[in-house]
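Geometric and topological summary
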Amino acid sequence: MRILTDIIIIGVIVITAVFVYQHYWDGFKTAIFGDEPKYSIYLGSVALSVTVADTDPTRIQGLSGVTKLKDLEGKLFIFDGDHKYGIWMKDMLFPIDIIWVNKNLQIVHIEENVGPDTYPKQFYPPVDARFVVEVNAHFVSSLKIKEGDRLTLPSSLIPYDIKRDLQLQ
């Protein structure tokens, strides 16, 4: 009987550990090692490695204080709903291109070569967006990214309501 109890306890511990790993590892890893998880996305046909800002504190922080991005790197902002989200250059150290994407995963607005000296001005899209991608300045022009191009995300980054809506189409 004692062996059966031990097996059940070990099974519960293993199942709990697997659940915690799957759902919380990225957060633990960032807190312990200071390394943000990176994801591969596509803007049109261009692959990009991004870190994600999907909470108010991470969205407010954005790329502030970051000294530089490597080529084909960026920051993906995921918002909770559709809105005309403003982006500013507070504490930015280099110019960027800002790309707004709607819930249908299409680029709806682009601001190019926005410099740190523009702060406190905020930049807004003319229509509602759900995502923003920030990349190095001249990324858009050099790689011919344009409004109407599609954003392709890993399934794990697509909010539930958008997954549901895309499946209904």
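Anything mentioned here points back to the structure above.
Residues numbered from 1 in each chain as written. Predicted model: local features only at pLDDT ≥ 70, side-chain atom pairs only at ≥ 80, totals over all residues. Heavy atoms only, no water.

**Some words on the pairing of strand 6 (residues 129–136)**
Within strand 6, eight of the eight residues are buried, leaving the element largely enclosed by the surrounding structure. As paired elements, strand 3 (residues 73–83) and strand 6 share six bridges and run antiparallel to each other. In the strand pairing of strand 6, Gly74 is matched with Val135. As paired elements, strand 4 (residues 96–101) and strand 6 share six bridges and run antiparallel to each other. By the bridge assignment, Ile96 is partnered in strand 6 with Asn136. (Buried < 20%, exposed > 50% of the residue type's maximum accessible area, 1.4 Å probe, protein only. Helix = DSSP H or I, 4+ residues; strand = E, 2+ residues; numbered from the N terminus. Pairing = 2+ DSSP bridges.)

**Focus on the nonpolar core**
Soluble globular proteins: nonpolar side chains tend toward being buried together. Formed by 24 residues in total, the largest nonpolar core has its most connected members in Leu43, Leu76, Ile99, Phe131, Leu151 and Leu153. Of all the secondary structure elements, the ones that give two or more residues to this core are strand 1 (39–43), strand 2 (46–53), strand 3, strand 4, strand 5 (107–114), strand 6 and helix 3 (139–142). Counting residues per element, this core draws most heavily on strand 2, which supplies four residues. If we skip the residues at most four places from it in the chain, Leu151 touches Ile41, Tyr42, Leu43, Leu76, Val101, Leu105 and Phe131. Counting residues in hydrophobic clusters, the runner-up holds 18 residues, among them Leu69, Phe79, Ile87 and Val114. (Core = buried A, V, L, I, M, F, W, Y, C linked by side-chain atoms within 4.5 Å. Contact = heavy atoms within 4.5 Å.)

**Here's the deal with the sheet that holds strand 4**
Reading across from one edge, 5-4-6-3-2-1-7 is the order of the seven strands in this open sheet, with mixed pairing throughout. Looking at the sheet topology across the chains shown, the edges are occupied by strand 5 and strand 7 (151–152). The pairing of strand 4 with strand 5 spans five bridges and is antiparallel. By the bridge assignment, Val101 is partnered in strand 5 with Ile107.

**Structural notes on unusual backbone geometry**
Most of the time, phi is negative for any residue but glycine, and the peptide bond is trans. A cis amide bond links Tyr119 to the next residue, Pro120, at an omega of 20 degrees. Its place among the elements puts Pro120 in the loop between strand 5 and strand 6. One non-glycine residue, Asn113, lies in the positive phi region at around 50 degrees. With respect to the element layout, Asn113 can be found in strand 5. By relative accessible area, Asn113 is classed as partly exposed at 41%.

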